[in-house]
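Residues per chain are reported as follows:
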Amino acid sequence: MENPKKSSTPPPSGTGSTKYFVTSPGYLNPPFGPDFQCHYPHGRCEDALPLLSVRRLDSISQHLWMAGRPQSDPMKKSSLHRLKATGFELVVFEQADMHLLWQNGIIYIKPLPSFLMNFNFWQETLCSRDKIWDAGTADIVDGALGLVFSYTWLIRWESDLRIAHEHGLISKSINYDHWMSFRSSFLSNFNRSQLPRAWLSWRYDFAELRLNRINIIWRLRPRRPFDVSSLLRGYQTPYRIYSSFFEKNFSIVIVAFVYATVVLTAMQVGLATAQLNESPSFQRASLGFAVFSILLPVVILGVVIALFIILFFFNWWETRRHLRAVRPKTTAQTD
């Protein structure tokens, strides 16, 4: 998604009304009132800003419907207590492009940084032409808007806030009254019908997304130039050690073996009957499936071993390439 062309005129101050406004081509005021000045450690937030970007998900936004259901009403999306009730294990992940992605009963959630609840920070940094727009990082702003927006449906009840505090998703200094006041101020200014499409990431039209399907989309998406790393590792590689790779893929061999065993047993029973024993077509089918059952596990095992060999040599090559890139820098620093 291309960033909109930015005006050379800086945005006006955030005093008075804090409603979104758009000049040609567009700037915005802080998305909540000036009463909110949540404390944050100065000097640390600049390094955290790139983690707000969801550029990777935006690049496949036209395919996200295959990984989750878009929901126009954010209040119909699941809050934290509902995610816990449905059996999800909440795991903190600092990258926003992994926010609310789930796999194998684990859902990754990015904590809400305190500086995103500070009016002055929005006014002086995120809405500042000098600090954001001239740097060409406007996707940070729509990522910040989307992250705060996602928390308006994640934390709706006191139980949600308690869960957020337990998992370190939000500062413990924020009580329920303060949060609801902030949430109300944000939603009253967050008029999506008047907000330009470019100011909100497409990703936040969805709530939870399936990570395994995102991996498939990421591998199969058209790309130029051809990227071997994305094809092999996907969006977020599920394998950190080779044992987990074999554990997952050998389960496919076991399932195929069990299925073939059941079918062959049924065919053996069928051949014991007079009707099927005298049927040439059933005998041919039994013979064909018997041969197929012998070859299938061997073929699957061969594919898994071939994938392992490819991944092993690819990781070895990437490690060697990284080592060659790091060694000159280390030598220069030593000298």
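Note that residues are indexed from 1 along each chain, following the sequence as it is written. Where totals are concerned, whole chains, interfaces and linings use all residues; where local detail is concerned, this predicted model gives features only for residues with pLDDT of at least 70, and gives and counts side-chain atom pairs only at 80 or more. No hydrogens and no water enter the side-chain calculation; it runs on all heavy atoms of the structure.

## Let's talk about the side chain of serine 279
Rules: Under the DSSP-based scheme used, a helix requires at least four consecutive residues in state H or I and a strand at least two consecutive residues in state E, with every element numbered from the N terminus. Relative accessible area decides the class of each residue, using a 1.4 Å probe on protein chains only: under 20% of the type maximum gives buried, over 50% gives exposed, and in between gives partly exposed. Under this definition, polar contacts are N or O atom pairs within 3.5 Å; protein pairs additionally need one hydrogen-donor-capable and one acceptor-capable atom, and for neighbouring residues in sequence, both atoms have to be side-chain atoms.
Along the polypeptide, serine 279 turns up in the loop between helix 11 (274–277) and helix 12 (280–334). What makes serine 279 buried here is its relative accessible area of 17%. In this structure the side chain of serine 279 is engaged in a polar contact, spanning 3.1 Å, whose partner is the side chain of serine 281.

## Brief notes about the environment of threonine 273
Here threonine 273 is to be found in the loop between helix 10 (242–272) and helix 11. For threonine 273, a relative accessible area of 31% gives the class partly exposed. At a separation of 2.5 Å, a polar atom in the side chain of threonine 273 contacts the main-chain carbonyl oxygen of glycine 270.

## Examining the confidence of the model for the protein chain
Low pLDDT means the predicted atomic positions in that stretch should not be read closely. Our working rule: On a scale of 0 to 100, pLDDT captures the predictor's confidence in every residue. Residues count as neighbours in contact if any of their non-hydrogen atoms are within 4.5 Å of one another.
Scored by pLDDT, the protein chain comes out at a mean of 76, with 71% of its residues at no less than 70. Of all secondary-structure elements in the protein chain, the lowest mean pLDDT belongs to helix 9 (residues 228–233), at 65, while helix 6 (residues 158–166) reaches the highest, 95. Residue range residues 1–27 is modelled with pLDDT below 50. Its contacts to residues more than four positions away, or to other chains, number 61 contacts.

## Structural notes on the packing of helix 5 (residues 139–154) against helix 7 (residues 176–189)
Let me state the cut-off plainly: Throughout, an axis means a line fitted to C-alpha atoms (over the contacting stretch in the case of helices), and angles, computed between N-to-C directions, take values from 0 to 180 degrees. If an angle is under 35 degrees, it is roughly parallel; if it is over 145, roughly antiparallel; if it lies from 65 to 115, roughly perpendicular; otherwise it is oblique. Left-handed describes a crossing whose near helix is turned anticlockwise from the far helix by less than a right angle; the clockwise case is right-handed. Any residue outside Ala, Val, Leu, Ile, Met, Phe, Trp, Tyr, Cys, Pro, Asp, Glu, Lys and Arg is labelled polar, Gly included; the first ten of those are nonpolar and the last four are charged.
Helix 7 packs onto helix 5 with a crossing angle of 125° between their chain directions and a minimal axis gap of 10 Å. Between helix 5 and helix 7, the angle falls in the class oblique. Between helix 5 and helix 7 lies a crossing whose hand is left-handed. Where helix 5 approaches helix 7, its residues Leu145, Val148, Phe149, Tyr151 and Thr152 are matched on the opposing element by Trp179, Phe182, Arg183, Phe186 and Leu187. When its residues are assigned to classes, the contact of helix 5 with helix 7 shows eight nonpolar, one polar and one charged.

## Comments concerning the sheet that holds strand 3 (residues 106–109)
Condition: In this analysis, strands are considered paired if DSSP registers two or more bridges between them.
Spatially, 1-3-2-4 is the arrangement adopted by the four strands of the open sheet, whose pairing is mixed. Whereas interior strands pair on both sides, the edge strands pair on one side only; in this sheet they are strand 1 (89–92) and strand 4 (209–210).

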